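Commentary on secondary and tertiary structure
Here are the chains, one letter per residue:
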Amino acid sequence: MTEKYDVIVIGAGPAGYHAAIRAAQLGLKVVCIDKWINKQGEPAYGGTCLNVGCIPSKALLETTHKFVEASTEFEVLGIQAKGITIDVPTMIARKDKVVQNLTKGVAGLLKSNGVTMLDGAAKLNAARMVEVTLHDGSTQSLEGDNVIIATGSVPVAIPPCPLQEDLIVDSTGALDFQKVPKRLGVIGAGVIGLELGSVWNRLGSEVVVLEALEEFLPMADKQVARETGKLLKSQGMDIRLGTRVTGTEVKKNKVTVTYSNADGEKQETFDQLIVAVGRRPYTENLLSADSGVDLDERGFVYVNDLCSTNAPGVYAVGDVVRGPMLAHKGMEEGVMVAERIAGHKPLVNYDCVPSVIYTHPEVAWVGKTEQELKAAGESFKTGSFPMAASGRAMAANDTAGFIKVIADEHTDRILGIHMVGAHVSEIIAEAVIAMEFESSAEDLGLTMFAHPTLSESLHEAALAVSGHAIHIANSKRNRKK
Ligand code: FAD
Ligand code: AMP
């Protein structure tokens, strides 16, 4: 028998579960299908983000940051804490507990909103018919007035680096090391490579990051990328740019990596190797030949600005479609599609998607970079404020980094905000709100910020755009107006 639904959501990652819950809140009959089986062998919701992405990586980053603070910074603060050690299995077990609590929480949310959950693999056929193969091997046929594809992404595998249990791992394997590798290679200096490299570097691993590109963090503002590279190197990360990995060989429980750079071909041997060379959209066994859904040339499900595919009534959201592969971008797309199905008219503002790198210090930005604006021939002005001049940062003994506001030269409208510093993953929300409300730098400068906070640095950077920052020495720029 074919069961009919208003909305069928394929995938219960952040994009899919947001779509499902919002559609159910709006009174629609919703089913959500996911095939994830977790480490414990149970179905689990939350997709990559909760199971092997955002949340577990942040759990490990939090633990290891506290470890570094306790072992290297407490003494400066007058706290005696000698002989601090790390118990890796306990750290990993706590991370697993956080993941389990959250994935169960999502299951509870879906249930309490009346979303029907099916644990299995879905395939989309013609006319919004969906065939589900449940984990017990049985099948179920569904028909939807609307279908939302939210099948996410998986790590890219590259031929020179076939995964080998415990020795050559992708980001998922790197979340489960049971001891600190003495020498760790990381291929790819993208966000995931830097975050996971940081985790193990903080615990004493000698981390070498091999990156094919000549430029470090090319998507970030150049000044931010420079500062970040400098800070990570000062923490002991050996980041080698212009270094393309061409082969790996496993011998006696070690991995020898062959790479080429400007000096020719070289080799390095590591105890473990993380392959973090990006992620690709996941559509395996998802679409039948007559589903009517097209993929673009890079394998993403093709959608327009409203996340509609080429098949009527079929939408796609999250990592499986164009745009940054970020959980919050997928969540907003999921909500937008659910609301549009219910007859509302929301939009996603793709100009206001925040990016964060959860190293220490953290890196965050929203809007345009200086180099993008220069390339587009736009005239702009900037204001920067160093964290070293923030009273709160000094009180916290955490003064690395800066915040920069970029505003239109003529209208003063904020075009981009870029930051490196402690807790900027939180401060970036204030920047996003300002941009979402089309604030000028002056508007932000006229807004009252609590003192003493790290956020005040954003206030000061906004004031600095017109030379009025209070806590910057009376520079030529400050005297100008
Ligand atoms: P996914 O989370 O990948 O979920 C897709 C779901 O669809 C999965 O549960 C899968 O089982 C299911 N599925 C696929 N095909 C089928 C099918 N045919 N039938 C049934 N079910 C199916 N992003 C951030 O914003 N912040 C971060 O800090 C961050 N950190 C990350 C750290 C790491 C180590 C990694 C790997 C990723 C990180 N990301 C982060 C990226 C983030 O995880 C993704 O952007 C996000 O999970 C995408 O959500 P999604 O719902 O589109 O897809
Ligand atoms: P991201 O897609 O942001 O996660 O980053 C992945 C990074 O891996 C990119 O910066 C790529 O340039 C890099 N990369 C991909 N293949 C290789 C390779 N063979 N050797 C070194 N770096 C690579």
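Residues numbered from 1 in each chain as written. Chains lettered and ligands numbered in written order. Predicted model: local features only at pLDDT ≥ 70, side-chain atom pairs only at ≥ 80, totals over all residues. Heavy atoms only, no water.

Turning our attention to the packing of aromatic side chains. Summed over the entire model, instances satisfying the criterion amount to one aromatic pair. Relative to Trp200, the ring of Phe177 lies with its centre 5.2 Å away and its plane at 45 degrees, an arrangement referred to as tilted. With Phe177 in the loop between strand 7 (168-169) and strand 8 (183-187) and Trp200 in helix 5 (residues 191-202), this residue pair connects regions lying 23 residues apart in the sequence. For the pair formed by Phe177 and Trp200, the shared burial category is buried. Over the ring of Tyr5 we find Lys29; its NZ or CZ atom is 4.7 Å from the centre of that ring. (Phe/Tyr/Trp six-rings, centres within 6.5 Å; stacked < 30°, edge-to-face > 60°. Helix = DSSP H or I, 4+ residues; strand = E, 2+ residues; numbered from the N terminus. Buried < 20%, exposed > 50% of the residue type's maximum accessible area, 1.4 Å probe, protein only. Lys NZ or Arg CZ within 6 Å of the ring centre and 35° of its normal.)

Strands sit in the order 7-14-8-9-10 across an open sheet of five strands; the sheet is parallel. If you trace the sheet from one side to the other, it starts and ends with strand 7 and strand 10 (238-240), each paired once. The sheet contact formed by strand 8 and strand 9 (residues 206-210) spans five bridges and is parallel. The residue bridging Val186 from the neighbouring strand is Val209, located in strand 9. (Pairing = 2+ DSSP bridges.)

At a closest axis distance of 7 Å, the pairing of helix 1 (residues 14-25) and helix 7 (residues 327-341) adopts a crossing angle of 30 degrees. The angle between helix 1 and helix 7 falls in the class roughly parallel. Read as a crossing pair, helix 1 and helix 7 show a hand that is right-handed. Across the interface between the two elements, Pro14, Ala15, His18, Ala19, Arg22 and Ala23 from helix 1 touch Ala327, Gly330, Met331, Gly334, Val335, Ala338 and Glu339 from helix 7. The residue makeup of the contact of helix 1 with helix 7, split by class, is eight nonpolar, three polar and two charged. (Axes fitted to C-alpha atoms, helices over the stretch in contact; angles between N-to-C directions. Parallel < 35°, antiparallel > 145°, perpendicular 65-115°, else oblique. Left-handed = near helix turned anticlockwise from the far one by under 90°. Contact = heavy atoms within 4.5 Å. Nonpolar A, V, L, I, M, F, W, Y, C, P; charged D, E, K, R; others polar.)

Glancing now at the site of ligand 2. The immediate surroundings of ligand 2 are formed by 14 residues, with Gly188, Glu211, Ala212, Thr243 and Val245 found nearest. Within the contact set of ligand 2, a nitrogen atom lies 3.1 Å away from a backbone nitrogen or oxygen of Ala212. Val245 has a polar backbone atom sitting 2.9 Å from a nitrogen atom of ligand 2. Protein contacts shield 75% of the accessible area of ligand 2, which totals 510 Å² for the unbound molecule. Class assignment of the residues belonging to the shell around ligand 2 gives a composition of eight nonpolar, four polar and two charged. (Near = heavy atom within 4 Å. Polar contact = N/O pair within 3.5 Å; in protein donor to acceptor, adjacent residues only side chain to side chain. Areas by Shrake-Rupley, 256 points an atom, 1.4 Å probe, with all protein chains shown as cover.)

The subject of this paragraph is the domain arrangement of the protein. Here the domain parsing of the protein yields domain 1 (3-155 + 280-350), domain 2 (168-277) and domain 3 (361-480). Relative to domain 3, the C-alpha centre of domain 2 lies at a distance of 31 Å. Each side of the interface is counted separately: domain 2 has eleven residues, and domain 3 has 14 residues. Contact between domain 2 and domain 3 buries roughly 1,000 Å² in total, counting both sides, with carbon and sulfur atoms accounting for 63%. Sorting the residues of domain 2 by area buried against domain 3 places Asp221, Gln223 and Val224 first, and these three jointly supply 45% of that buried surface. Scanning the region where domain 2 abuts domain 3 turns up one salt bridge. Among the ionic pairs, Lys404 bridges to Asp221, the shortest N-O distance being 2.7 Å. The interface formed by domain 2 and domain 3 includes five residue pairs in polar contact (both at pLDDT 80 or more). For the side of domain 2 that touches domain 3, the class distribution of residues is five nonpolar, three polar and three charged. (Domains from an automatic or database assignment. Buried area = accessible area lost by both parts, 1.4 Å probe. Salt bridge = Lys/Arg side-chain N within 4 Å of Asp/Glu carboxyl O.)

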